[in-house]
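Listed below, chain by chain, are the residues.
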Amino acid sequence: TEAGFRTCNDEKVVKKLLGDLRLDEAKPVATPSIGSYVDEEAAQEEKLESLQEGKKFRRGVGQALYIGHDRIDIQYPVRVLAQDMSKPTELSQRRLKRLARYLKRYPKMWMIFEPTKVPENLTATVDSCYGDDKPTRRSRSRRTPRSSSM
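For the structure given in this document, a descriptive report is provided here. None of these values were measured; they are calculated from a predicted model.

### Points about the pattern of salt bridges
Any two side chains of opposite charge can pair, given that their charged atoms come close. Applying the stated criterion across every chain, the model contains five salt bridges. A salt bridge links Asp73 to Arg71; its shortest N-O distance comes to 2.8 Å. Under the relative-accessibility criterion, Arg71 is labelled buried at 1%. Residues participating in the shared-partner salt-bridge network are Lys16, Asp20 and Arg59.

### As for the nonpolar core
Ile74, Leu99 and Leu103 are the most contacted members of the largest nonpolar core, which totals 20 residues. When residues of this core are traced back to their parent elements, those giving at least two are helix 1 (11–20), helix 3 (51–68), helix 4 (75–83) and helix 5 (90–105). With five residues, helix 5 is the largest single contributor of residues to this core. Those residues in contact with Ile74, other than ones at most four positions away along the chain, are Pro32, Ala64, Ile67, Gly68, Leu99, Tyr102 and Leu103.

### Observations concerning the environment of Arg22
Within the element layout of this structure, Arg22 appears in the loop between helix 1 and helix 2 (40–45). It is 9.5 Å that separates the C-alpha atoms of Arg22 and Lys97, two residues lying 75 residues apart in sequence.

### Observations concerning helix 4
All of the buried residues in helix 4 are Pro77, Val78, Val80 and Leu81. The arc enclosing the buried residues of helix 4, seen along the axis, measures out at 160 degrees, which places them on a common side. Against the buried residues of helix 4 lie helix 3 and helix 5.

### So, the packing of aromatic side chains
Scanning the entire structure with this criterion turns up two aromatic pairs. Both rings, one in Phe5 and one in Phe113, keep their centres 4.9 Å apart while their planes meet at 25 degrees; by these two values the pair is stacked. Here the residue Phe5 occupies a position in strand 1 (residues 5–8), and Phe113 occupies one in strand 2 (residues 110–113), the gap between them amounting to 108 residues. By relative accessible area, which is 35% here, Phe113 ends up partly exposed. The ring of Trp110 has Arg6 lying over it, and the distance from NZ or CZ to the ring centre is 4.5 Å.

Calculation rules
- Residues numbered from 1 in each chain as written.
- Predicted model: local features only at pLDDT ≥ 70, side-chain atom pairs only at ≥ 80, totals over all residues.
- Heavy atoms only, no water.
- Salt bridge = Lys/Arg side-chain N within 4 Å of Asp/Glu carboxyl O.
- Buried < 20%, exposed > 50% of the residue type's maximum accessible area, 1.4 Å probe, protein only.
- Core = buried A, V, L, I, M, F, W, Y, C linked by side-chain atoms within 4.5 Å.
- Helix = DSSP H or I, 4+ residues; strand = E, 2+ residues; numbered from the N terminus.
- Contact = heavy atoms within 4.5 Å.
- Arc of directions from axis to C-beta.
- Phe/Tyr/Trp six-rings, centres within 6.5 Å; stacked < 30°, edge-to-face > 60°.
- Lys NZ or Arg CZ within 6 Å of the ring centre and 35° of its normal.

The structure is reproduced here in structure tokens:
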């Protein structure tokens, strides 16, 4: 646009991901992440059976990483998936399929960048938590920048 620019993710990669996972006819979902499962701990222990399934999972995560650069709405679920690339589990596979079904519902996302005035003040709130990720206890951080004119 004249006042800025806009960018969009590549829809072809979304279609390829759906095809690779055989989810062309699957029901779309409204959220990219799995909430929680009763059997989450059991599924976390179940490794994917074959080498071929592991390769398919890694390829799917690679496609999700490619799409995630242009889509802020899937960056967190993609990060969670990327943590399981070395030893994918059945839960990892469920998470990938859930993300693909979300992308089926919302295959394209536009991000519009418009120029703004430089703020006089910039405040950043930072938070980290070590307790939310129970299996690994990895730190999860969040930063929220805010601008205000005084």
